[in-house]
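# Survey of secondary and tertiary structure
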Amino acid sequence: GIQVEQSPPDLILQEGANSTLRCNFSDSVNNLQWFHQNPWGQLINLFYIPSGTKQNGRLSATTVATERYSLLYISSSQTTDSGVYFCAVGGFGNEKLTFGTGTRLTIIP
Amino acid sequence: GAVVSQHPSWVICKSGTSVKIECRSLDFQATTMFWYRQFPKQSLMLMATSNEGSKATYEQGVEKDKFLINHASLTLSTLTVTSAHPEDSSFYICSAGDRTYGYTFGSGTRLTVV
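Structural notes, computed from the coordinates. If you're wondering where the values come from, they're calculated on a predicted model, not measured in any experiment. (Residues numbered from 1 in each chain as written. Chains lettered and ligands numbered in written order. Predicted model: local features only at pLDDT ≥ 70, side-chain atom pairs only at ≥ 80, totals over all residues. Heavy atoms only, no water.)

What follows concerns the interface of chain A and chain B. Listed per partner, the contact involves 21 residues of chain A and 21 residues of chain B. For the pair chain A and chain B, the two sides together bury roughly 1,700 Å², of which 47% comes from carbon and sulfur. In this assembly, chain A and chain B are joined by 1 salt bridge. A salt bridge links Lys 96 of chain A to Glu 59 of chain B; the shortest N-O distance between them is 3.0 Å. For the pair chain A and chain B, the number of links is 6 residue pairs in polar contact (both at pLDDT 80 or more). Mapped onto the side of chain A that touches chain B, the elements with two or more residues apiece are β4 (31–37) and β5 (43–48) of chain A. A breakdown of the residues in the side of chain A that touches chain B according to their chemical character gives 7 nonpolar, 11 polar and 3 charged. (Contact = heavy atoms within 4.5 Å. Buried area = accessible area lost by both parts, 1.4 Å probe. Salt bridge = Lys/Arg side-chain N within 4 Å of Asp/Glu carboxyl O. Polar contact = N/O pair within 3.5 Å; in protein donor to acceptor, adjacent residues only side chain to side chain. Helix = DSSP H or I, 4+ residues; strand = E, 2+ residues; numbered from the N terminus. Nonpolar A, V, L, I, M, F, W, Y, C, P; charged D, E, K, R; others polar.)

Below, the structure written as structure tokens:
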């Protein structure tokens, strides 16, 4: 099956800093999503981005499907950005999502 | 749109009893729903794919007799953990959606078996 790796595994930043999270996947996909899991476990859908670039406020994401990676950018970090960020991918003809290993982000005031 | 409701949010049960978790798509019809399991500080692992009107498809290593899945309508899938044991304690999350708009997740159910 598809392998999904995320880096870095842990990231500690001061409030106001910018960060880049990376997701590498081992095969072609037709679905890629970024999620933020809050301390209560809820998965918040950040981006549906199988290719191209999208922006939503302080967050943006870019997926280069031909090179099998995606990047999530967080600018001007806030303490509420803390949590675990997952990317998840789905292959062609297969609706299910395979989750990456996650990046645990901690924003310090 | 694309709201998935999961109930209960948490449950504590005694060893040997069964627990049912419900997953509902509130504003769309879902022919397929997915059930995931997450252990502390780990990623989400797909347990099974729930198909409306037919049998669920289980991932390798998941006991189908322990984790019973029923998808009786286009808006409801249930996961029943039968004869629960402490090792079944975990966070269970359902999801629904499609490849066009992406997948949405329920709020999860934290199961503790004592």
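Right, picking up where we left off after that structure.
Structurally, Ser 60 of chain A is set in strand β7 (residues 59–64). Aside from chain neighbours lying at most four places away, what touches Ser 60 of chain A is Phe 47, Lys 54, Gln 55, Leu 71, Leu 72 and Tyr 73 of chain A.

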